[in-house]
Amino acid sequence: MLPLLATALLFMHPAAAAFEHCQAPTPGTERLGPHEDNFIVWNETRDLGWREDREGALRGRLSVKYTICGTHYSRAFNRPKPDQAAAAKGRTTAGNDTLELFFAYTGEFDFYWGERPSDPVINRLNNPGLHLRVPLRRYLGLAGRDDNLVVSVEHRSNGQTTEVSGADETLRANRAYEQRNRAFFDSISRGSNFVGLSVELSDTVRALPVEVATKVFLHFDEDADVTWGPLAGRRRHLSDYERLRVQASVSPAPGMWLDAELRVGDRLGRSTTAVTLGAEYTVWGLPLYLRWHRGPVGTLSNYSQRQDAIGFGLRFARY
């Protein structure tokens, strides 16, 4: 309760200002747009220390936002300039000068094309949330024009139905773990509600566009007990693996982005730290995307399992 109370007190003034100044976008301005990464890749995954063979799937992610009121905003280096947008779409684009209240949804799935019977589609992520974006320079007198503070209340789950809390379910899960039944663990239900505190910074370093985003996860409702394998009964929670996320991107050349993401939890160590690296390069209008992940939280259903994964495909929008 203390983190939530501190959060409420810290952002009481911006929230009050939101209701006072957050007006509906003027006609002709954008409301709908990308939120985080949007991509589709062929993904090869290996569960280290448990099931060493690789399994491939077509992984897709869709992440969109809808501006309820205020200025619709996209990250500085990931959007057309106002004059270009006006010329291309016949309208003006507002700058980053007001609060923005928006709804966002991120979904993710794996399509096991030829890898499993009936070629199933597995739901990996459903993440709706309500977000308040506060431009740091205008409202707090800090940072640059494209730097923001974002406060969010979010839900995240994987849409599965298998519970593993009772004695019978625990026995079944441990048998599946011994049999290295990866498909069983893909069906385990996971969910979490949390408050997110994010700081988004954009700058140019030696003529190179650079973006950094840091997010703190304040989980207040988790359904994520681990009742199987070597971690059974050790009171593991999702927050042990995800308390802080740091993302950084740099554009070393036109049409190219290099990304890095680090996730750490309350239990510090190699087994609870996840790293994701990405590279995007546009060739003949196609945004080719290479993605590499190492560590836990590769999937929500079996978040404590270390997974090494590499994927290649297309990325249509960046975070």
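Quantities reported herein were computed from a predicted structural model and do not represent experimental measurements. (Residues numbered from 1 in each chain as written. Predicted model: local features only at pLDDT ≥ 70, side-chain atom pairs only at ≥ 80, totals over all residues. Heavy atoms only, no water.)

A few points about the packing of aromatic side chains
Two aromatic rings are characterised by how far apart their centres lie and by the angle between their planes.
Here comes step 1: All told, the structure shown has nine aromatic pairs when counted by the stated rule.
Here comes step 2: Measuring from centroid to centroid gives 5.3 Å for Phe194 and Phe217, while their planes differ by 55 degrees, and the two rings are tilted. Of the two residues, Phe194 sits in strand S7 (residues 191-205) while Phe217 sits in strand S8 (residues 208-223), which places them 23 residues apart along the sequence.
Here comes step 3: Phe217 sits in the buried class, given a relative accessible area of 2%.
Here comes step 4: The aromatic ring of Tyr112 is capped on one face by Arg116, whose charged end is 3.9 Å from the ring centroid.
Here comes step 5: The cationic tip of Arg318 hangs over the ring face of Trp257; the distance from NZ or CZ to the ring centre is 3.7 Å. (Phe/Tyr/Trp six-rings, centres within 6.5 Å; stacked < 30°, edge-to-face > 60°. Helix = DSSP H or I, 4+ residues; strand = E, 2+ residues; numbered from the N terminus. Buried < 20%, exposed > 50% of the residue type's maximum accessible area, 1.4 Å probe, protein only. Lys NZ or Arg CZ within 6 Å of the ring centre and 35° of its normal.)

Section: a nonpolar patch on the surface
Here comes step 1: Together, Leu262, Val275, Leu277, Leu290, Trp292, Ile310 and Phe312 give the surface a local cluster of nonpolar side chains, amounting to about 570 Å² of exposed area.
Here comes step 2: For the nonpolar patch, the secondary structure elements donating two or more residues are strand S11 (274-283), strand S12 (286-295) and strand S13 (307-317).
Here comes step 3: The residue Leu262 is located in strand S10 (residues 256-264) in this model. (Patch = residues over 30% accessible without salt bridge, like charges linked within 9 Å, V, L, I, M, F, W, Y side chains within 5 Å. Areas by Shrake-Rupley, 256 points an atom, 1.4 Å probe, with all protein chains shown as cover. Salt bridge = Lys/Arg side-chain N within 4 Å of Asp/Glu carboxyl O.)

Focus: the confidence of the model for the protein chain
Here comes step 1: Averaged over all residues, the pLDDT of the protein chain equals 83, while 83% of them reach at least 70.
Here comes step 2: Here residues 1-12 is modelled with pLDDT under 50, and outside its nearest four sequence neighbours on either side it reaches nine contacts, counting other chains as well. (pLDDT = per-residue confidence, 0-100. Contact = heavy atoms within 4.5 Å.)

Regarding the side chain of Arg245
Here comes step 1: Its place among the elements puts Arg245 in strand S9 (residues 244-253).
Here comes step 2: In this structure Arg245 comes out as buried when scored by relative accessible area, which is 9%.
Here comes step 3: Separated by 3.4 Å, the side chains of Arg245 and Glu36 make a polar contact.
Here comes step 4: Beyond its immediate chain neighbours, meaning those up to four positions away, Arg245 contacts Glu36, Ala213, Thr214, Lys215, Phe217, Glu261, Leu262 and Arg263. (Polar contact = N/O pair within 3.5 Å; in protein donor to acceptor, adjacent residues only side chain to side chain.)

What to know about the environment of Asn126
Here comes step 1: One can find Asn126 in strand S5 (residues 121-135).
Here comes step 2: The sequence separation of Asn126 and Phe109 amounts to 17 residues, and the corresponding C-alpha distance is 9.3 Å.
Here comes step 3: For Asn126, the residues in contact, after removing those within four places along its chain, are Tyr105, Thr106, His155, Arg156, Ser157, Asn158 and Gly159.
Here comes step 4: At a separation of 2.7 Å, a polar atom in the side chain of Asn126 contacts the side chain of Tyr105.

Considerations on the pattern of salt bridges
Here comes step 1: Tallied over the entire structure, the rule returns 25 salt bridges.
Here comes step 2: A salt bridge links Arg245 to Glu36, with the shortest nitrogen-to-oxygen separation between them at 3.4 Å. Taken together, the positions of Arg245 in strand S9 and Glu36 in the loop between strand S1 (32-34) and strand S2 (38-47) put the pair 209 residues apart, joining distant regions of the chain.
Here comes step 3: Salt-bridge contacts for Glu55 lead to Arg182; the nearest nitrogen and oxygen are separated by 3.2 Å. Remark: Arg182 occurs in helix H6 (residues 182-185) and Glu55 occurs in strand S3 (residues 51-70); sequence separation between them is 127 residues.

Overview of the side chain of Thr227
Here comes step 1: As for its position among the elements, Thr227 is in the loop between S8 and S9.
Here comes step 2: Looking at Thr227, its side chain comes within polar contact range of the main-chain oxygen of Val164, at 2.9 Å.
Here comes step 3: If sequence neighbours within four positions are ignored, Thr227 has contacts with Val164, Thr170, Asn174 and Ala232.

A word on the pairing of strand S6 (residues 148-157)
Here comes step 1: Across the ten residues that make up S6, a large majority, eight, are buried.
Here comes step 2: Relative to S6, S5 runs antiparallel, the two being bridged by eight bridges. By the bridge assignment for S6, Leu132 is matched with Val151. (Pairing = 2+ DSSP bridges.)

Topic: a negative patch on the surface
Here comes step 1: A contiguous patch of negative charge, built from Glu163, Asp168, Glu169, Asp221, Asp223 and Asp225, is present on the exposed surface.
Here comes step 2: The set of elements that each furnish at least two residues to the negative patch consists of helix H5 (167-178) and S8.
Here comes step 3: Mapped onto the fold, Asp221 is located in strand S8.
Here comes step 4: Judged by its relative accessible area of 42%, Asp221 is partly exposed. (Lys, Arg positive; Asp, Glu negative; His and termini not counted. Charge placed at Lys NZ, Arg CZ, Asp CG, Glu CD.)

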